[in-house]
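Here is how the chains run, residue by residue.
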Amino acid sequence: MEYRKKKTGSDTWHFCKNCSNWPTTDYDTRYDKPTTGELCDQCRAKEANKNCSK
Ligand SMILES: [Zn+2]
């Protein structure tokens, strides 16, 4: 599972490819659960609704 965060202006990690804020340029990537920053509310809502594309 991939997590992405915009390098500039955000401490929010995304993990749903269908999140409207999923970073596609200028982002950091990691493959384990982030230990810094926040997890995106929209991604978490999608996960809870089983609507998260990973
Ligand atoms: Zn997100």
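Let me sum up the structure you'll find in this document. Only a predicted model underlies this, so the values are computations on that prediction, with no experimental measurement involved.

### Some details on the coordination of the zinc ion
Argument step 1. In the first shell of the zinc ion, the protein supplies His14 (ND1), Cys19 (SG), Cys40 (SG) and Cys43 (SG), at 2.0 to 2.4 Å from the metal.
Argument step 2. One chain supplies every donor for the zinc ion, spaced along it as H-x4-C-x20-C-x2-C.
Argument step 3. For cysteine 40, a relative accessible area of 4% gives the class buried.
Argument step 4. On the basis of relative accessible area, cysteine 43 is assigned to the buried category, the value being 0%.

### Some words on the nonpolar core
Argument step 1. Membership of the largest hydrophobic core is limited to nine residues, which are Tyr3, Trp13, Phe15, Cys16, Cys19, Trp22, Cys40, Cys43 and Cys52.
Argument step 2. Among all residues touching phenylalanine 15, those that are not within four sequence positions of it are Met1, Glu2, Tyr3, Trp22, Leu39, Cys43, Arg44, Glu47, Cys52, Ser53 and Lys54.

### Describing the environment of lysine 33
Argument step 1. Structurally, lysine 33 can be placed in the loop between strand S3 (27–30) and strand S4 (38–39).
Argument step 2. Along the chain, lysine 33 and tryptophan 13 lie 20 residues apart, while their C-alpha atoms are 9.4 Å from each other.
Argument step 3. In this structure, lysine 33 is in contact with Tyr3 and Leu39, ignoring residues within four places of it in sequence.

### A word on the pattern of salt bridges
Argument step 1. Under the definition given, this model contains five salt bridges.
Argument step 2. A salt bridge links lysine 17 to glutamate 2, with the shortest nitrogen-to-oxygen separation between them at 3.9 Å. Of this pair, lysine 17 sits in the loop between strand S2 (12–13) and S3 while glutamate 2 sits in the segment before strand S1 (3–6), and the two are 15 residues apart along the sequence.
Argument step 3. The residue aspartate 28 makes a salt bridge to lysine 5 at a minimum N-O spacing of 3.9 Å. One end of the pair, aspartate 28, is in strand S3; the other, lysine 5, is in strand S1, and 23 residues separate them in sequence.
Argument step 4. Because the salt bridges share partners, they merge into one network encompassing Glu2, Arg4 and Lys17.

Cut-off values and rules
Residues numbered from 1 in each chain as written. Predicted model: local features only at pLDDT ≥ 70, side-chain atom pairs only at ≥ 80, totals over all residues. Heavy atoms only, no water. Donors = N, O, S within 2.8 Å, 3.2 Å for Na, K, Ca; no water. Buried < 20%, exposed > 50% of the residue type's maximum accessible area, 1.4 Å probe, protein only. Core = buried A, V, L, I, M, F, W, Y, C linked by side-chain atoms within 4.5 Å. Contact = heavy atoms within 4.5 Å. Helix = DSSP H or I, 4+ residues; strand = E, 2+ residues; numbered from the N terminus. Salt bridge = Lys/Arg side-chain N within 4 Å of Asp/Glu carboxyl O.

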